[in-house]
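Each chain, written out:
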Amino acid sequence: MLEPAAAAFAATNASATELNAVRKAHQRVSDARDMPDFEHWHAEFHHRIFACCRNDFLKEIHNLMRAIRNQSPWFEMKKRSFSEERRLGYRDEHKAILERLVRRDAEGVKNAMLAHLRTVERNLLGR
């Protein structure tokens, strides 16, 4: 619920500099080949979107979620689910998110983020 809303806020509130930072994170996650590098930039991509939303409440919630993601059990779960096929799928989903952010398409980025999070949930939890 929170991240799609943050992405929608980011589409309307982000500066060109902030969008460029998201673009750079997307490039780094796209270039990452090993799991630790990929996971770092995947998290950074999402973090930069939250930074763009200009909503302090959403940013603080994200910081709590980020602390949980950095714990060993979460990292191990991500490590077990990592594959080249999934890396490429995430790359494509991130590209769709970025394109909608740049177009300032709040509804489109919200839906693209929701689709991405459903993919992550399916890959991590098998739901």
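Structure report, in brief. (Residues numbered from 1 in each chain as written. Predicted model: local features only at pLDDT ≥ 70, side-chain atom pairs only at ≥ 80, totals over all residues. Heavy atoms only, no water.)

## Re the pattern of salt bridges
(1) Moving on: Under the defined criterion, the tally for this structure stands at eight salt bridges.
(2) Moving on: Among the salt bridges present, the one from Glu18 reaches Arg54, with a minimum N-O distance of 2.9 Å. Taken together, the residues span a long stretch of sequence, with Glu18 in helix α2 (residues 16–31) and Arg54 in the loop between α3 (35–53) and α4 (56–69) at a distance of 36 residues.
(3) Moving on: Overall, Glu18 belongs to the partly exposed group, its relative accessible area being 21%.
(4) Moving on: Of the residues examined, Arg54 reaches a relative accessible area of 48% and is grouped as partly exposed.
(5) Moving on: A salt bridge links Asp105 to Arg103, with the shortest nitrogen-to-oxygen separation between them at 3.9 Å.
(6) Moving on: Look at the salt bridges and you will find they share partners, linking Glu44, Arg48 and Arg66 into a network. (Salt bridge = Lys/Arg side-chain N within 4 Å of Asp/Glu carboxyl O. Helix = DSSP H or I, 4+ residues; strand = E, 2+ residues; numbered from the N terminus. Buried < 20%, exposed > 50% of the residue type's maximum accessible area, 1.4 Å probe, protein only.)

## Examining the nonpolar core
(1) Moving on: Within the largest apolar cluster, 28 residues are counted, with the highest numbers of intra-cluster contacts made by Ala10, Val22, Phe45, Ile49, Ile97, Leu101 and Val109.
(2) Moving on: When contributions to this core are tallied by element, the ones reaching two or more residues are α1 (2–13), α2, α3, α6 (84–102) and α7 (106–125).
(3) Moving on: The residues touching Ile49, leaving out its near neighbours within four places in the chain, are Ala7, Ala10, Val22, Ile97, Leu101 and Met113. (Core = buried A, V, L, I, M, F, W, Y, C linked by side-chain atoms within 4.5 Å. Contact = heavy atoms within 4.5 Å.)

## Some words on the packing of aromatic side chains
(1) Moving on: Following the criterion strictly, the structure yields two aromatic pairs and no others.
(2) Moving on: Measuring from ring centre to ring centre gives 5.3 Å for Phe38 and Phe82, while their planes differ by 50°; the resulting arrangement is tilted. Placement of the pair is Phe38 in helix α3 and Phe82 in the loop between α5 (72–81) and α6, with a sequence separation of 44 residues.
(3) Moving on: Both rings, one in Phe38 and one in Tyr90, keep their centres 6.0 Å apart while their planes meet at 15°; by these two values the pair is stacked. Here Tyr90 lies in helix α6 and Phe38 lies in helix α3, a separation of 52 residues in the sequence. (Phe/Tyr/Trp six-rings, centres within 6.5 Å; stacked < 30°, edge-to-face > 60°.)

## Digging into the packing of α3 against α4
(1) Moving on: As a packed pair, α3 and α4 sit with axes 9 Å apart at the nearest point and diverge in direction by 165°. In terms of their interaxial angle, α3 and α4 are classed as roughly antiparallel. You can see that α3 and α4 cross each other, and the crossing is left-handed. Residues Glu39, His42, Ala43, Glu44, His46, His47, Phe50, Ala51 and Cys53 of α3 lie in contact with α4, whose contacting residues are Leu58, Lys59, His62, Asn63, Met65, Arg66 and Arg69.
(2) Moving on: For the contact of α3 with α4, the class distribution of residues is six nonpolar, five polar and five charged. (Axes fitted to C-alpha atoms, helices over the stretch in contact; angles between N-to-C directions. Parallel < 35°, antiparallel > 145°, perpendicular 65-115°, else oblique. Left-handed = near helix turned anticlockwise from the far one by under 90°. Nonpolar A, V, L, I, M, F, W, Y, C, P; charged D, E, K, R; others polar.)

## Points about the packing of α3 against α6
(1) Moving on: Between α3 and α6, the least distance of the axes is 12 Å, while the angle of their chain directions is 20°. As the angle between them shows, α3 and α6 are arranged roughly parallel. You can see that α3 and α6 cross each other, and the crossing is left-handed. Residues Phe38, His42, Phe45, His46 and Ile49 of α3 lie in contact with α6, whose contacting residues are Arg87, Tyr90, His94, Ile97 and Leu101.
(2) Moving on: Split by residue class, the contact of α3 with α6 holds six nonpolar, three polar and one charged.

## Description of the side chain of His42
(1) Moving on: The residue His42 is located in helix α3 in this model.
(2) Moving on: Of note is the side chain of His42, whose polar atom sits 3.2 Å from the side chain of His116.
(3) Moving on: Sequence-distant contacts of His42, defined by excluding residues within four places in its chain, comprise Val29, Arg69, Lys78, Tyr90, His94, His116 and Val120. (Polar contact = N/O pair within 3.5 Å; in protein donor to acceptor, adjacent residues only side chain to side chain.)

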